[in-house]
Amino acid sequence: MKKEERREQILEAAMKLFVEKGYKGTTTLQIAKEAEITEVTLFRHFSSKQEILLEGIEPILFSTLEGAINISKESSGSEMIESILSDRITLISKNYQVIKLILMEDSLLTELGRGNFINRILEILKNLLTEMGASEEDNKFALRLLMGTILSVLYMPDKNEEDIKDYIGKITNIIVQEINK
(Lines give C-alpha, C1' and ligand atoms only; values in the text may rest on other atoms or scores of the structure.)
Protein backbone atom coordinates (compact mmCIF):
# COMPACT_ATOMS: atom_id res chain seq x y z
CA MET A 1 0.00 0.00 0.00
CA LYS A 2 1.26 3.48 -0.90
CA LYS A 3 2.15 5.93 1.86
CA GLU A 4 -0.81 8.24 1.14
CA GLU A 5 -3.24 5.32 1.07
CA ARG A 6 -1.94 4.10 4.43
CA ARG A 7 -2.27 7.59 5.93
CA GLU A 8 -5.85 7.80 4.67
CA GLN A 9 -6.58 4.35 6.14
CA ILE A 10 -5.26 5.51 9.53
CA LEU A 11 -7.22 8.78 9.36
CA GLU A 12 -10.47 6.97 8.54
CA ALA A 13 -9.98 4.53 11.41
CA ALA A 14 -9.07 7.33 13.82
CA MET A 15 -12.01 9.52 12.88
CA LYS A 16 -14.38 6.59 13.31
CA LEU A 17 -13.03 5.97 16.81
CA PHE A 18 -12.91 9.65 17.75
CA VAL A 19 -16.59 9.94 16.82
CA GLU A 20 -17.49 6.79 18.79
CA LYS A 21 -15.32 7.31 21.88
CA GLY A 22 -14.23 10.93 21.81
CA TYR A 23 -10.66 12.10 21.48
CA LYS A 24 -9.65 11.34 25.07
CA GLY A 25 -11.37 7.95 25.01
CA THR A 26 -9.38 6.79 21.99
CA THR A 27 -5.82 5.43 22.16
CA THR A 28 -3.27 5.12 19.38
CA LEU A 29 -3.30 1.36 19.93
CA GLN A 30 -7.05 1.31 19.26
CA ILE A 31 -6.53 3.39 16.12
CA ALA A 32 -3.83 1.00 14.90
CA LYS A 33 -6.06 -2.03 15.53
CA GLU A 34 -9.00 -0.39 13.74
CA ALA A 35 -6.71 0.40 10.79
CA GLU A 36 -5.38 -3.18 10.88
CA ILE A 37 -1.79 -2.07 11.35
CA THR A 38 0.69 -2.03 14.21
CA GLU A 39 1.16 0.96 16.46
CA VAL A 40 4.73 1.23 15.13
CA THR A 41 3.34 1.62 11.60
CA LEU A 42 0.92 4.28 12.84
CA PHE A 43 3.82 6.29 14.27
CA ARG A 44 5.74 6.01 10.99
CA HIS A 45 2.95 8.08 9.45
CA PHE A 46 1.92 10.37 12.33
CA SER A 47 3.92 11.74 15.23
CA SER A 48 0.99 11.83 17.67
CA LYS A 49 -2.71 11.29 18.24
CA GLN A 50 -3.12 15.08 18.11
CA GLU A 51 -1.62 15.19 14.64
CA ILE A 52 -4.05 12.51 13.49
CA LEU A 53 -7.03 14.42 14.87
CA LEU A 54 -5.98 17.72 13.34
CA GLU A 55 -5.17 16.20 9.98
CA GLY A 56 -8.52 14.44 10.03
CA ILE A 57 -10.65 17.51 10.69
CA GLU A 58 -8.92 20.50 9.13
CA PRO A 59 -9.45 19.47 5.50
CA ILE A 60 -13.13 18.87 6.16
CA LEU A 61 -13.60 22.41 7.41
CA PHE A 62 -11.13 24.59 5.59
CA SER A 63 -9.84 23.04 2.38
CA THR A 64 -13.37 22.27 1.28
CA LEU A 65 -14.61 25.79 2.13
CA GLU A 66 -11.71 27.48 0.36
CA GLY A 67 -12.19 25.14 -2.60
CA ALA A 68 -15.90 25.97 -2.81
CA ILE A 69 -15.10 29.69 -2.71
CA ASN A 70 -12.44 29.39 -5.42
CA ILE A 71 -14.74 27.39 -7.68
CA SER A 72 -17.55 29.92 -7.31
CA LYS A 73 -15.40 33.07 -7.72
CA GLU A 74 -16.38 33.42 -11.39
CA SER A 75 -20.08 33.39 -10.47
CA SER A 76 -22.38 36.25 -9.55
CA GLY A 77 -22.73 37.15 -5.87
CA SER A 78 -25.98 35.26 -5.43
CA GLU A 79 -24.67 32.19 -7.29
CA MET A 80 -21.55 32.25 -5.12
CA ILE A 81 -23.53 32.39 -1.87
CA GLU A 82 -25.89 29.65 -3.07
CA SER A 83 -22.92 27.49 -4.07
CA ILE A 84 -21.16 27.95 -0.73
CA LEU A 85 -24.31 27.31 1.32
CA SER A 86 -25.08 24.23 -0.72
CA ASP A 87 -21.51 23.00 -0.31
CA ARG A 88 -21.53 23.56 3.48
CA ILE A 89 -24.91 21.89 3.94
CA THR A 90 -23.76 18.90 1.88
CA LEU A 91 -20.52 18.75 3.86
CA ILE A 92 -22.36 18.76 7.19
CA SER A 93 -24.81 16.15 5.98
CA LYS A 94 -21.99 13.84 4.86
CA ASN A 95 -19.75 14.51 7.88
CA TYR A 96 -22.38 15.08 10.55
CA GLN A 97 -20.63 13.03 13.24
CA VAL A 98 -17.21 14.59 12.59
CA ILE A 99 -18.66 18.11 12.75
CA LYS A 100 -20.36 17.20 16.02
CA LEU A 101 -16.99 15.87 17.30
CA ILE A 102 -15.28 19.14 16.37
CA LEU A 103 -17.85 21.17 18.27
CA MET A 104 -17.64 18.85 21.30
CA GLU A 105 -13.82 18.88 21.34
CA ASP A 106 -13.43 22.62 20.72
CA SER A 107 -11.75 23.30 24.08
CA LEU A 108 -9.27 20.47 23.46
CA LEU A 109 -8.56 21.78 19.98
CA THR A 110 -7.96 25.23 21.43
CA GLU A 111 -5.46 23.67 23.88
CA LEU A 112 -3.69 22.09 20.93
CA GLY A 113 -3.43 25.49 19.29
CA ARG A 114 -5.91 24.73 16.55
CA GLY A 115 -9.20 25.74 18.11
CA ASN A 116 -11.52 28.56 17.26
CA PHE A 117 -12.67 26.79 14.12
CA ILE A 118 -15.81 28.88 14.07
CA ASN A 119 -13.74 32.10 14.14
CA ARG A 120 -11.55 30.83 11.31
CA ILE A 121 -14.61 29.97 9.22
CA LEU A 122 -16.16 33.35 10.01
CA GLU A 123 -12.99 35.09 8.85
CA ILE A 124 -12.99 33.22 5.52
CA LEU A 125 -16.67 34.06 4.95
CA LYS A 126 -16.17 37.68 6.05
CA ASN A 127 -13.37 38.10 3.49
CA LEU A 128 -15.62 36.66 0.80
CA LEU A 129 -18.45 39.05 1.66
CA THR A 130 -16.03 41.99 1.72
CA GLU A 131 -14.81 41.01 -1.76
CA MET A 132 -18.46 41.02 -2.85
CA GLY A 133 -18.77 44.63 -1.66
CA ALA A 134 -20.45 44.15 1.71
CA SER A 135 -19.96 46.90 4.26
CA GLU A 136 -18.91 46.07 7.83
CA GLU A 137 -22.54 46.31 8.98
CA ASP A 138 -23.76 44.15 6.08
CA ASN A 139 -21.01 41.65 6.87
CA LYS A 140 -22.30 41.14 10.42
CA PHE A 141 -25.86 40.56 9.22
CA ALA A 142 -24.84 38.30 6.33
CA LEU A 143 -22.45 36.28 8.53
CA ARG A 144 -25.22 35.65 11.05
CA LEU A 145 -27.49 34.40 8.28
CA LEU A 146 -24.78 32.27 6.69
CA MET A 147 -23.57 30.72 9.94
CA GLY A 148 -27.11 30.29 11.25
CA THR A 149 -28.06 28.48 8.08
CA ILE A 150 -24.99 26.27 8.13
CA LEU A 151 -25.26 25.39 11.83
CA SER A 152 -29.01 24.82 11.62
CA VAL A 153 -28.29 21.70 9.58
CA LEU A 154 -26.71 20.13 12.67
CA TYR A 155 -29.85 20.61 14.71
CA MET A 156 -32.52 20.49 12.01
CA PRO A 157 -31.25 18.13 9.31
CA ASP A 158 -33.30 17.97 6.13
CA LYS A 159 -32.86 15.30 3.48
CA ASN A 160 -35.34 16.83 1.01
CA GLU A 161 -33.13 18.43 -1.65
CA GLU A 162 -35.92 20.64 -2.99
CA ASP A 163 -36.61 22.07 0.47
CA ILE A 164 -32.90 22.69 1.00
CA LYS A 165 -32.55 24.36 -2.41
CA ASP A 166 -35.60 26.55 -1.69
CA TYR A 167 -34.25 27.54 1.73
CA ILE A 168 -30.81 28.35 0.30
CA GLY A 169 -32.44 30.49 -2.39
CA LYS A 170 -34.44 32.48 0.17
CA ILE A 171 -31.44 33.06 2.44
CA THR A 172 -29.30 34.05 -0.55
CA ASN A 173 -31.89 36.58 -1.71
CA ILE A 174 -31.99 38.19 1.74
CA ILE A 175 -28.19 38.41 1.92
CA VAL A 176 -27.81 39.80 -1.61
CA GLN A 177 -30.58 42.37 -1.05
CA GLU A 178 -28.85 43.52 2.13
CA ILE A 179 -25.45 43.83 0.42
CA ASN A 180 -26.88 45.65 -2.63
CA LYS A 181 -29.12 48.13 -0.77
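Residues numbered from 1 in each chain as written. Predicted model: local features only at pLDDT ≥ 70, side-chain atom pairs only at ≥ 80, totals over all residues. Heavy atoms only, no water.

Looking at empty space enclosed by the protein
Put simply, the rule is: Cavities and pockets were defined on a 1 Å grid built over protein atoms only: a cavity is a set of grid points that admits a 1.4 Å probe from which the probe cannot escape, a pocket is an open set flanked by protein on both sides within 12 Å along at least five of seven lines, and lining residues are those with an atom within 4 Å of any such point. Grid points are joined across faces, edges and corners, and a volume is the space filled by probe spheres set on the points. Residue classes follow a fixed rule: Ala, Val, Leu, Ile, Met, Phe, Trp, Tyr, Cys and Pro count as nonpolar, while Asp, Glu, Lys and Arg count as charged, and any other residue, Gly among them, counts as polar.
If you walk through the whole model with that rule in mind, you get one cavity of 30 Å³ or more. Considering only enclosed or pocket space, the largest cavity measures out at about 170 Å³ in volume. Taken together, 14 residues form the lining of the largest cavity, with Leu61, Ile99, Ile118, Ile121 and Leu151 sitting closest to its centre. Partitioned by chemical class, the residues of the lining of the largest cavity number 12 nonpolar, no polar and two charged.

Description of helix H10 (residues 161-179)
Worth spelling out the cut-off: Comment: elements are numbered from the N terminus, with helices defined as DSSP H or I runs of at least four residues and strands as E runs of at least two. The span expected for a helix works out to 1.5 Å for each residue beyond the first. For the exposure calls, accessible area comes from a 1.4 Å probe over protein chains only, and a residue counts as buried if that area is under 20% of its type's maximum, exposed if over 50%, partly exposed in between. Polar contact criterion, stated in full: a pair of N or O atoms within 3.5 Å, where within protein one must be able to donate a hydrogen and the other to accept it, and residues adjacent in sequence count only if both atoms are side-chain atoms.
Along its 19 residues, H10 runs 27 Å from first to last C-alpha, staying within 8% of the 27 Å computed at 1.5 Å per residue. Those residues of H10 not exposed but buried are Ile164, Ile168, Gly169, Ile171, Thr172, Ile175, Val176 and Ile179. Sitting at the amino-terminal end of H10 is asparagine 160, which places a side-chain oxygen 2.9 Å from the backbone nitrogen of glutamate 162.

Let's talk about a nonpolar patch on the surface
Test applied: Residues forming no salt bridge and having over 30% relative accessible area are the ones grouped into patches, like charges within 9 Å of each other and nonpolar side chains (Val, Leu, Ile, Met, Phe, Trp, Tyr) within 5 Å. In short, Shrake-Rupley with a 1.4 Å probe defines the accessible areas, and a residue's cover is counted only from the protein chains shown. In the sections that follow, a salt bridge refers to a side-chain nitrogen of Lys or Arg positioned within 4 Å of a carboxyl oxygen of Asp or Glu.
A surface patch of nonpolar side chains, about 460 Å² in accessible area, is lined by Leu103, Ile118, Tyr155 and Met156. In this fold, methionine 156 is placed in the loop between helix H9 (136-155) and H10.

Focus on the packing of aromatic side chains
So the rule is basically this: Planes of paired rings set the category: under 30 degrees apart is stacked, over 60 is edge-to-face and the rest tilted, where pairs are Phe, Tyr or Trp rings (Trp by its six-membered ring) whose centres lie within 6.5 Å. A ring is considered to have a charge above it if a Lys NZ or an Arg CZ atom is located within 6 Å of its centre and within 35 degrees of its normal.
Tallied over the full model, the rule gives one aromatic pair. Here the aromatic rings of phenylalanine 18 and tyrosine 23 are separated by 5.5 Å at their centres, their planes lie at 45°, and the arrangement is tilted. For the pair phenylalanine 18 and tyrosine 23, a shared accessibility class is recorded, and that class is buried. Over the face of the ring belonging to phenylalanine 46 we find arginine 7, whose NZ or CZ atom lies 4.1 Å from the ring centre. Here lysine 49 stacks its cationic end above the ring of tyrosine 23, 4.3 Å away from the centre of that ring.

Some thoughts on the layout of surface pockets
Its boundaries defined by the atoms lining it, the largest pocket holds a volume of some 290 Å³. Together, Glu82, Ser86, Ile89, Thr90, Ser93, Asp158, Lys159, Glu161, Ile164, Lys165 and Ile168 line the largest pocket. Taken together, the elements giving at least two residues each to the lining of the largest pocket come down to helix H5 (77-94) and H10. Counted by class, the lining of the largest pocket contains three nonpolar, three polar and five charged residues. The calculated volume of the second largest pocket comes to roughly 210 Å³.

Quick notes on the domain arrangement of the protein
Quick reminder of the rule: For every domain, the bounds stem from an assignment made automatically or drawn from a database. In this description, contact between two residues means that some pair of their heavy atoms is separated by no more than 4.5 Å. A quick way to say it: buried area is the sum, across both parts, of accessible area lost when two parts are put together, with a 1.4 Å probe.
In terms of domain boundaries, the protein breaks down into domain 1 (1-47) and domain 2 (57-179). For domain 1 versus domain 2, the separation of C-alpha centres amounts to 29 Å. Counting from both sides, the interface comprises six residues of domain 1 and, opposite them, six residues of domain 2. When the area that domain 1 buries against domain 2 is broken down by residue, the three leading residues are Met15, Val19 and Tyr23, summing to 77%. Taken together, the links from domain 1 to domain 2 amount to zero salt bridges. In this assembly, domain 1 and domain 2 are joined by zero residue pairs in polar contact (both at pLDDT 80 or more). Residues of the side of domain 1 that touches domain 2, tallied by class, amount to four nonpolar, one polar and one charged.

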